[in-house]
Structure formats: C-alpha cells, structure tokens
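Commentary on secondary and tertiary structure
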Amino acid sequence: IRTFFVTVDNAAGQAPAVSVSPKPVNILYIQGNPAPSVPLTVSSTSGTRAFNATVLGIQDASLSANTGTTPGSPTLNVNTTNLAVGNYSGLLAVNSPAGVYFGEATPVNLTVLAPPPCAYTLTPSSASVSGVASSGTFDISTGPTCNWTAAVGGSPAPTWVTLTGTTSGTGNGT
C-alpha cells in the first residue's frame, strides 16, 4: 500500500495550506554514535505563511524552531542519553493559523540499536626493528565505543621495548 499526500489550493492562493517533509520521518540510531538530527522542510501551497511546529511522543525529541515562516527548515533533534534499545513512535505536526487547511502531521519512527561487538584492526599488523634504536607507530581502528589498551607482550615481556604516547583510548587511535 502506498500513501500519497495531496493538498489542494486554487490558482489565486485562496486556500493555502502548510506541509512538512519528509513523510514519514524515519531515524535509525546506533548507541554510541552522535545524536541524530533530521533536517525538515515546512512549505506552503502559496505565499509565505507563518507556522507552528511540534514533535510529540518521543522522549527528549525537540525542534530547533517551533515557529517560523514558509519556506522553513527546522531540525528535529533527539537527545539519546536516556533512550534504551527499542522502537519509539511519535508525531511531527505543523499548522498555520492563516491556512484554510490548518495543518498536517506525519509519523516519526525512531529505532535505537545496540552498538555492534568490538572488532580491532592494527595497522601495520607487525613490525621489525634492526639492532639499532628504532621507532614506529601503529594505528588502531575500532568502533567509536570500543576501549583499547596497548601493552608490550610476551612472557617475560622484553625490557628493550618501550611504549610512548597514548597507550589506551576509546575508538580509533595511534
């Protein structure tokens, strides 16, 4: 089933209406990533129209602007600090007191996923040194929420190897 939204206005602009897009608003968020922001467009069938906008039903969701004039570009922001893994549903509504068709609403669907398991890549995967003093670097690639620690390995650990610089972190590092 496909749904089409149709707004009717006459050529003289005597039946103005406001609308918001995208329709619906679908957000996929993976925990640990930056909080999502979705650009919106509020438009009118004719002329410039004042509008009011609100988002309901999703905890800590807000708009960068709750009022404006068409064409407008508010942003839907979601504070993800308190959101557990799951699906959340809400509603984004706009209206224009000067419109014949007073407003429009569209669903907001937010899916919060757990971060994938941590995987690590070390580049280069190994290094050789000559008998004289040498130095080198390794790059660690991993997910943004994955912790890592660099240590000299072996049993017993060789005393002639020294680590300098950052020896632990979260996410990518050198």
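Residues numbered from 1 in each chain as written. Predicted model: local features only at pLDDT ≥ 70, side-chain atom pairs only at ≥ 80, totals over all residues. Heavy atoms only, no water.

Thoughts on the overall build of the chain
We count it as follows: The helix and strand labels rest on DSSP assignments: H or I over at least four residues marks a helix, E over at least two residues marks a strand, and numbering proceeds from the N terminus. Buried means the residue's accessible area, taken with a 1.4 Å probe over protein chains only, is under 20% of the maximum for its type, while exposed means over 50%, and partly exposed covers the values in between. Contacts: residue pairs with any heavy atoms within 4.5 Å of one another. To measure how exposed things are, a 1.4 Å probe is used in the Shrake-Rupley method; for residues, cover is taken only from the protein chains shown.
On a plain count of helices and strands, the chain comes out with zero helices and 14 strands. Put simply, the chain has 174 residues, and 26% of those count as buried. Considering only intrachain contacts with a sequence separation of at least 6, the fraction spanning at least 24 residues in the chain is 58%. Here the chain has roughly 10800 Å² of accessible surface; of this, 55% comes from carbon and sulfur atoms.

A short note on a nonpolar patch on the surface
This is how it is decided: Every patch collects residues that have over 30% relative accessible area and no salt bridge, joining them within 9 Å if they carry like charges and within 5 Å if they are nonpolar side chains (Val, Leu, Ile, Met, Phe, Trp, Tyr). Here, a salt bridge means any Lys or Arg side-chain nitrogen found within 4 Å of an Asp or Glu carboxyl oxygen.
Among the surface-exposed residues, Val 129, Trp 160 and Val 161 lie close enough to one another that they form a single nonpolar patch of about 330 Å² accessible area. With respect to the secondary-structure elements, Val 161 resides in the loop between β13 (147-149) and β14 (168-170).

Observations regarding the state of the cysteines
To keep it simple, the criterion reads: Cysteine sulfur pairs qualify as disulfides if the two atoms are within 2.5 Å.
Going through the model one piece at a time under the given rule, you end up with one disulfide. Bridging Cys 118 to Cys 146, the disulfide has an S-S length of 2.1 Å. Of note, the bridge from Cys 118 to Cys 146 carries an S-S torsion of about -95° and is left-handed in sense. Taken together, the residues span a long stretch of sequence, with Cys 118 in the loop between β10 (103-113) and β11 (121-123) and Cys 146 in the loop between β12 (139-141) and β13 at a distance of 28 residues. Accessibility expressed as a relative area gives 39% for Cys 118, which makes it partly exposed. Take Cys 146: its relative accessible area is 3%, and that puts it in the buried class.

Quick notes on the layout of surface pockets
We count it as follows: A cavity here means a set of 1 Å grid points, computed over protein atoms only, where a 1.4 Å probe fits but cannot escape. A pocket is an open set with protein on both sides within 12 Å along at least 5 of 7 lines, and lining residues have an atom within 4 Å of a point. Grid points are joined across faces, edges and corners, and a volume is the space filled by probe spheres set on the points. Residue polarity follows a fixed list, in which Ala, Val, Leu, Ile, Met, Phe, Trp, Tyr, Cys and Pro are nonpolar, Asp, Glu, Lys and Arg are charged, and the others, Gly among them, are polar.
One number sums up the size of the largest pocket: a volume of about 1000 Å³. Around the largest pocket sit 30 residues that line it, and Gly 136, Phe 138, Val 161, Thr 162 and Leu 163 are the ones nearest its centre. When contributions to the lining of the largest pocket are tallied by element, the ones reaching two or more residues are β11 and β13. In the lining of the largest pocket, the residues fall into 15 nonpolar, 15 polar and no charged.

Brief notes about the pairing of strand β9 (residues 86-95)
Going by this rule: Paired strands, as defined in this entry, are two strands with at least two bridges between them according to DSSP.
Direction of pairing for strand β5 (residues 50-56) relative to β9: antiparallel, over a ladder of five bridges. Within the sheet, the bridge partner assigned to Ala 53 lies in β9 and is Val 94. Two elements, β9 and β10, share 10 bridges in a ladder whose sense is antiparallel. Bridge pairing in β10 links Asn 95 to Gly 103.

Thoughts on the nonpolar core
Convention followed: By nonpolar core we mean a set of buried residues, namely Ala, Val, Leu, Ile, Met, Phe, Trp, Tyr and Cys, connected to one another through side-chain atoms within 4.5 Å.
Counting residues in hydrophobic clusters, the biggest one holds 22 residues, and the most contacted among them are Val 25, Ile 27, Leu 40, Leu 76, Leu 92, Val 108 and Leu 110. Excluding its chain neighbours within four sequence positions, the residues that come into contact with Val 108 are Val 25, Ile 27, Val 55, Ile 58, Leu 76, Tyr 88, Ser 89, Gly 90, Leu 91 and Leu 92.

With respect to the sheet that holds strand β3 (residues 37-39)
Selection criterion: Axis definition: a line fitted to C-alpha atoms, limited for helices to the stretch in contact. Angles are taken between N-to-C directions and run from 0 to 180 degrees.
If you trace the three strands from one edge of the open sheet to the other, you get β3-β8-β6, paired in antiparallel fashion. Both edges of this open sheet fall to β3 and β6 (61-63), since each of them pairs with a single strand only. For this sheet, the mean angle separating the axes of adjacent strands, direction not counted, is 20°. Here three bridges tie β6 to strand β8 (residues 75-78), and the two strands are oriented antiparallel to one another. The partner of Leu 63 across the bridge, within β8, is Leu 76.

Observations concerning the side chain of Ser 96
Short version of the rule: Identification of polar contacts relies on pairs of N or O atoms within 3.5 Å, with a donor-acceptor requirement for protein atoms, meaning one able to donate a hydrogen and the other able to accept it, and with residues adjacent in sequence counted only if both atoms are side-chain atoms.
By the secondary structure assignment, Ser 96 is in the loop between β9 and β10. Overall, the relative accessible area of 2% leaves Ser 96 in the buried class. Engagement of the side chain of Ser 96 in a polar contact is seen with the backbone oxygen of Ala 50, the distance being 2.8 Å.

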